[in-house]
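# Observations on chain architecture
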Amino acid sequence: MIHEISSATRTFLAEPAQFLVNGKWRQGSTGEIIECVDPASGQQIGSAYAAAVTDADDAVEAAKVAFDDKRWRGKTPSERQGILLRLATLIERDAQILAELETLDGGKLYGSALNGEVPHAAETFRYYAGWVTKLGGHIFEPSVPGRIYHGFTREDPVGVAALITPWNGALVSAAWKLAPALAAGCSCVLKPSEMTPLSSLYLGRIMQEAGIPDGVINILPGSGVKIGAHLVRHSTVAKVSFTGSTGVGRQLMANGAENLTRLSLELGGKSPVLIFDDADLDVAIPTAAEAIFGNAGQVCVAGSRIYAGRKVYQRVVDGLAEIALNHKVGAGLDAASTMGPLISHAHRERVRTMVDRGISDGANVVTGGACGSDDGFYFQPTVLTGAAQETEIVQEEVFGPVVAVSPFDSEAEALQMANNSRYGLAASIWTGDTSRALRLTEDLQAGIIWINDHGIPELAMPIGGVKQSGIGREHGLEGLRAYTETRSVMLRLK
Ligand code: NAP
């Protein structure tokens, strides 16, 4: 059954979407338009005005004025909490529209957008709304001989935060940054990816309706190298939170260096899945398959390297191949589809050439390995074996439905291969031996580790990368503190 797009979404798509600066919707000073293409068909489904550098300057200025006059951070914690809770409810009210936009603009499966991503975005605002009334500092008794002090710390919002998001999971990425930034009391400039600006722009409307004051939230679609880089270099921007590729993250660090801008970087990954001989394969194999074929592998924590114990290796390979072959690759609006397209023609070409190079480097194709239908940007779910560990297909992020499976003979070998990567975002360990699993967590180089599961998001638990997968953490109290400065005050008592 094909899901029919609602009239509300059709109306939203009928005109180029304007962007938000200081509470006003704008067409941009150049009138430049971003064409929004449905990855499932290759057809244009809408458009958005692209922001120019002058618009970015206006947005930063508006955010700074809003920060300085305290129109948001000066509200009582319970008032701000109430607005964020209202926002969560409005996201749920408009879940169908947001899910349709994520499907049309980002190539998601409609069911997973409606039942997974949109509720998760709402939950993110609800989770951080809870922190607004709880954030505070500590009291200290300073040890200065002969004097008495009352010492305390404050957790103050860092200032204007530039939030730069990728195209995979546009709505959730935006929520993961906006919710803690607003909970901390910051004013924000959100720059969504040019590929997927629509859900973020729609979210802007709901944020206004929820009562976020003008200037506190500004949303600017536009090119990363122009608008994104300009925001990072801007002397008024106190904090940049970026999610995207490791290569661009490196450029951001260099660009932010001039003003010593605070940076959080959520970057790429090449996450290992370790399946030991004693694992429950009935759960491990389908979960590992979902970890790489879910969202067509366009997930930062995708389990793109599987290491299986020698005794179960062939069963794992066969099981993955069977699941891959049974996938119905198709448009996200078709309820029968179990895997959608890649985001763009260019990205599909990148995936295809990486797989081709992997094959010429010695990998064997068990299943898949080629593009799917040309009606959209489809790629077949692909299982590779026999790839040498130093080759690109094992070392580099493909960001597509492509998994390299390798056997291991000992725990030490599994650990060595898992850690043999410049990335360190996520990992999973599959075993019936809890002691072994806990032992491995100490040495496995990953920011988040799942035991007997993979890819479960938990807002209360910090997520982020070690090594070249990033700096800083999202979620939990750490995610909130990414948007605060801790300051100390010492009061000398008489
Ligand atoms: P990307 O190319 O790095 O772009 C990410 C964002 O940065 C986009 O909004 C992009 O703008 C902007 N940008 C590009 N160049 C910039 C520059 N010089 N200065 C400032 N901003 C710039 O990443 P992507 O292809 O969109 O997303 C996929 C990547 O994100 C993968 O590597 C994935 O692993 C990573 N990711 C990581 C996490 C995590 O939590 N660790 C989560 C999701 C995704 P335009 O594209 O609009 O030009």
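Residues numbered from 1 in each chain as written. Predicted model: local features only at pLDDT ≥ 70, side-chain atom pairs only at ≥ 80, totals over all residues. Heavy atoms only, no water.

## Here's the deal with the overall build of the protein chain
- Secondary structure summary: the protein chain contains 16 helices and 20 strands in total.
- Computed over the C-alpha atoms, the radius of gyration of the protein chain is 23 Å, within 12% of the 23 Å expected from 2.2 N^0.38 for a compact globule of 494 residues.
- Dimensions along the principal axes, computed over C-alpha positions, put the protein chain at roughly 75 × 65 × 40 Å.
- For the protein chain, with 494 residues in total, the buried portion stands at 56%.
- Put simply, of all contacts in the protein chain between residues at least 6 apart along the chain, 73% involve residues at least 24 apart.
- Counting every atom, the protein chain has about 19600 Å² of accessible surface; 52% of that belongs to carbon and sulfur.
- Computed over 43 positive and 55 negative side-chain charges, the separation of the two mean positions in the protein chain equals 9 Å. (Helix = DSSP H or I, 4+ residues; strand = E, 2+ residues; numbered from the N terminus. Rg over C-alpha atoms; globule rule 2.2 N^0.38 Å. Buried < 20%, exposed > 50% of the residue type's maximum accessible area, 1.4 Å probe, protein only. Contact = heavy atoms within 4.5 Å. Areas by Shrake-Rupley, 256 points an atom, 1.4 Å probe, with all protein chains shown as cover. Lys, Arg positive; Asp, Glu negative; His and termini not counted. Charge placed at Lys NZ, Arg CZ, Asp CG, Glu CD.)

## Details of the sheet that holds strand β20 (residues 484-493)
- Strand order in the open sheet formed by three strands is β5-β6-β20, and the pairing between neighbours is antiparallel. Each having just a single partner strand, β5 (139-140) and β20 make up the two edges of the open sheet.
- Pairing of strand β6 (residues 148-157) with β20, which is carried by ten bridges, proceeds in the antiparallel orientation. Bridge pairing links Arg154 to Arg487 in β20. (Pairing = 2+ DSSP bridges.)

## A closer look at the pattern of salt bridges
- With the rule as written, the count across this model stands at 23 salt bridges.
- Close ionic contact of Glu396 with Arg422 constitutes a salt bridge, the shortest N to O distance being 3.0 Å. Of this pair, Glu396 sits in the loop between α13 (392-395) and β16 (402-408) while Arg422 sits in the loop between α14 (411-419) and β17 (426-430), and the two are 26 residues apart along the sequence.
- Beyond isolated ion pairs, a larger network of salt bridges with shared partners links Arg26, Asp55 and Asp58. (Salt bridge = Lys/Arg side-chain N within 4 Å of Asp/Glu carboxyl O.)

## Re the nonpolar core
- Judged by nonpolar contacts, the single largest core of 82 residues is most densely connected at Leu84, Leu87, Phe125, Leu178, Met207, Ile212 and Leu220.
- The residues contacting Leu87, other than those within four sequence positions of it, are Phe125, Leu203, Ile206, Met207 and Ala210.
- Listed in part, the 52 residues of the second largest apolar core include Val316, Val383, Leu415 and Trp430. (Core = buried A, V, L, I, M, F, W, Y, C linked by side-chain atoms within 4.5 Å.)

## A few points about the packing of aromatic side chains
- Applying the stated criterion across every chain yields a total of four aromatic pairs.
- Ring geometry for Tyr127 against Tyr128: centres 4.9 Å apart, planes inclined by 85°, an arrangement best described as edge-to-face.
- Judged by centre distance (5.4 Å) and plane angle (75°), the ring pair of Trp167 and Phe399 falls under edge-to-face. Taken together, the residues Trp167 in the loop between β7 (160-164) and α6 (170-184) and Phe399 in the loop between α13 and β16 connect sequence positions 232 residues apart. For the pair Trp167 and Phe399, one class covers both residues: buried.
- The ring of Phe67 carries the charged tip of Arg73 above its face, separated from the ring centre by 3.9 Å. (Phe/Tyr/Trp six-rings, centres within 6.5 Å; stacked < 30°, edge-to-face > 60°. Lys NZ or Arg CZ within 6 Å of the ring centre and 35° of its normal.)

## Here's the deal with the environment of Gly465
- Here Gly465 is to be found in the loop between β18 (448-451) and β19 (470-471).
- Taking the C-alpha atoms as reference points, Gly465 and Gly204, 261 residues apart in sequence, are found 29 Å from one another.
- Excluding its chain neighbours within four sequence positions, the residues that come into contact with Gly465 are Gly424, Leu425, Gly470, Gly472 and Arg473.

## As for helix α3 (residues 77-93)
- Between its first and last C-alpha atoms α3 spans 24 Å; for 17 residues at 1.5 Å apiece the expected length is 24 Å, and the two agree.
- On its buried side, α3 packs onto α4 (95-106), α5 (110-132), α6 and α7 (198-210). (Expected span 1.5 Å × (residues − 1).)

## Some remarks on the pairing of β16
- Counting buried residues in β16 gives six out of seven residues, a clear majority hidden from the surface.
- Inspection of the sheet shows strand β13 (residues 305-309) paired to β16 by five bridges, in the parallel sense. The residue bridging Ile306 from the neighbouring strand is Val405, located in β16.

## Examining the environment of Val466
- Turning to its location among the elements, Val466 is positioned in the loop between β18 and β19.
- With 20 residues separating them in the primary sequence, Val466 and Ala446 have C-alpha atoms 5.9 Å apart.
- Excluding its chain neighbours within four sequence positions, the residues that come into contact with Val466 are Tyr423, Gly424, Gln445, Ala446, Gly447 and Arg473.

## Here's the deal with the sheet that holds β13
- Pairing is mixed in the open sheet, where seven strands are placed in the order β14-β15-β16-β13-β12-β17-β18. Whereas interior strands pair on both sides, the edge strands pair on one side only; in this sheet they are β14 (364-367) and β18. Taken pair by pair, the neighbouring strands of this sheet meet at an average axis angle of 25°, ignoring direction.
- Sheet topology note: the β17/β18 ladder contains four bridges and is parallel. Looking at the pairing, Ser428 lines up with Trp450 of β18. (Axes fitted to C-alpha atoms, helices over the stretch in contact; angles between N-to-C directions.)

## Side note on the packing of α14 against helix α15 (residues 434-443)
- Direction vectors running N to C along α14 and α15 enclose 35°, while the axes themselves pass 11 Å from each other. The interaxial crossing formed by α14 with α15 has right-handed handedness. Where α14 approaches α15, its residues Glu411, Leu415 and Asn419 are matched on the opposing element by Arg436, Arg439, Leu440 and Asp443.
- Tallied by class, residues from the contact of α14 with α15 come to two nonpolar, one polar and four charged. (Left-handed = near helix turned anticlockwise from the far one by under 90°. Nonpolar A, V, L, I, M, F, W, Y, C, P; charged D, E, K, R; others polar.)

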